[in-house]
Amino acid sequence: MERKDKILLVEPNPDLLEMLLEALTGRFDAHITCVDCPEACWEVDMGDPHDLVLTELELPRGNGLRLAGELVKMTSPERPVVLLSDKIPARRVIRAMRLGLRDVFIKPFAMEKLLDRIEVLLREFSLRRRHVSKYHGMRELVRRVIRERRDVHRRTELVCRDLVGAHKRLVHRVLEFEGTQTQTS
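Below is a short write-up of the structure. Quick caveat: nothing in here was measured; it's all calculated off a predicted structure.

### A look at the environment of Met74
Along the chain, Met74 turns up in helix α3 (residues 64-74). On the basis of relative accessible area, Met74 is assigned to the exposed category, the value being 54%.

In structure tokens:
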């Protein structure tokens, strides 16, 4: 059973929140968490990291751009963060991309384009997560093989020592036997 994607939606405007939530639930079979401020975002995401964060630029008691940059820096740089804004100067868009945001949508935006982009970002993140999981699995497998190989090598060395010791004892006994045979003859 494949795990559900988790989307964190940071939006203080209830009307836009409702519209986004309806569009997201209509398109994705995902667990969607909604918060309205940076503090709630941190509280929710630090306990249970989400696969994608969709945040508004203008937030009460905070800035969506700063929040998004901190989320990218503090959690996973590969995790997609998308910014929504009424208007944003080009220099801030560039700053957002340098901070690691994956996309910026200026209102009014085409909901289908946003949903298509979220779909692509979730697919990429899921693929990256699977690759990382396989990588860690392979590393663990290699470690186990190396440990087992060392153990086999150590056991083989012990068996060889036992055989050499047994061979020496046999040679001594044969020599002793031959020595007793020559004395009795």
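### Comments concerning the packing of helix α1 (residues 14-27) against helix α5 (residues 111-184)
Running from amino to carboxyl end, α1 crosses α5 at an angle of 55°, the nearest separation of the two axes being 11 Å. On the basis of their axis angle, the class for α1 and α5 is oblique. For the crossing formed where α1 meets α5, the hand is right-handed. Facing Met19, Leu20, Ala23, Leu24 and Arg27 of α1, the residues of α5 in contact are Met111, Glu112, Leu114, Leu115, Asp116, Ile118 and Glu119.

### Describing α1
Over its 14 residues, α1 extends 20 Å from the first C-alpha to the last, a length consistent with the 20 Å expected when each residue adds 1.5 Å. Of all the residues in α1, the buried ones are Leu16, Leu20, Ala23 and Leu24. The buried residues of α1 occupy one face: seen down the axis, they fall within an arc of 95°. Turned more than 90 degrees away from the buried face of α1 sit Pro14, Asp15, Glu18, Glu22 and Gly26, all of them exposed. Where α1 is buried, its residues touch β1 (5-10), β2 (30-35), β3 (52-56), β6 (81-85) and α5. With a side-chain oxygen positioned 2.8 Å from the backbone nitrogen of Asp15, the residue opening α1 is Asn13.

### Description of the side chain of Thr33
Here Thr33 shows up in strand β2. By relative accessible area, which is 15% here, Thr33 ends up buried. There is a polar contact of 3.0 Å between the side chain of Thr33 and the side chain of His50.

### Regarding the pairing of β6
Most of β6 sits inside the fold, with five of its five residues counted as buried. With burial as the criterion, each face of β6 is covered, one bearing Val81, Leu83 and Ser85 and the other bearing Val82 and Leu84. For β3 and β6, the ladder comprises four bridges, and the chain directions are parallel. Following the sheet pairing, Glu56 is matched in β6 by Leu84. Across four bridges, β6 lies against strand β7 (residues 103-106) in parallel orientation. Its bridge partner lying in β7, Leu84 is registered against Phe105. Handedness of the β-α-β unit built from β6, helix α4 (residues 90-99) and β7 comes out right-handed.

### Brief notes about the packing of aromatic side chains
Considering all chains together, one arrives at one aromatic pair under this definition. On the numbers, 5.9 Å between centres and 70° between planes, the contact of Phe105 with Phe109 is edge-to-face. Assigned by exposure class, Phe105 and Phe109 land together as buried.

### Quick look at the pairing of β1
The buried count for β1 comes to five of six residues, which makes it a mostly enclosed element. In the sheet, β1 pairs with β2 via six bridges, with the strands oriented parallel. Bridging across to β2, Lys6 finds its partner in His31. Chirality of the crossover, the property in question, places the unit of β1, α1 and β2 among those that are right-handed.

About the cut-offs
Residues numbered from 1 in each chain as written. Predicted model: local features only at pLDDT ≥ 70, side-chain atom pairs only at ≥ 80, totals over all residues. Heavy atoms only, no water. Helix = DSSP H or I, 4+ residues; strand = E, 2+ residues; numbered from the N terminus. Buried < 20%, exposed > 50% of the residue type's maximum accessible area, 1.4 Å probe, protein only. Axes fitted to C-alpha atoms, helices over the stretch in contact; angles between N-to-C directions. Parallel < 35°, antiparallel > 145°, perpendicular 65-115°, else oblique. Left-handed = near helix turned anticlockwise from the far one by under 90°. Contact = heavy atoms within 4.5 Å. Expected span 1.5 Å × (residues − 1). Arc of directions from axis to C-beta. Polar contact = N/O pair within 3.5 Å; in protein donor to acceptor, adjacent residues only side chain to side chain. Pairing = 2+ DSSP bridges. Right-handed = clockwise from strand over helix to strand, strands pointing away. Phe/Tyr/Trp six-rings, centres within 6.5 Å; stacked < 30°, edge-to-face > 60°.

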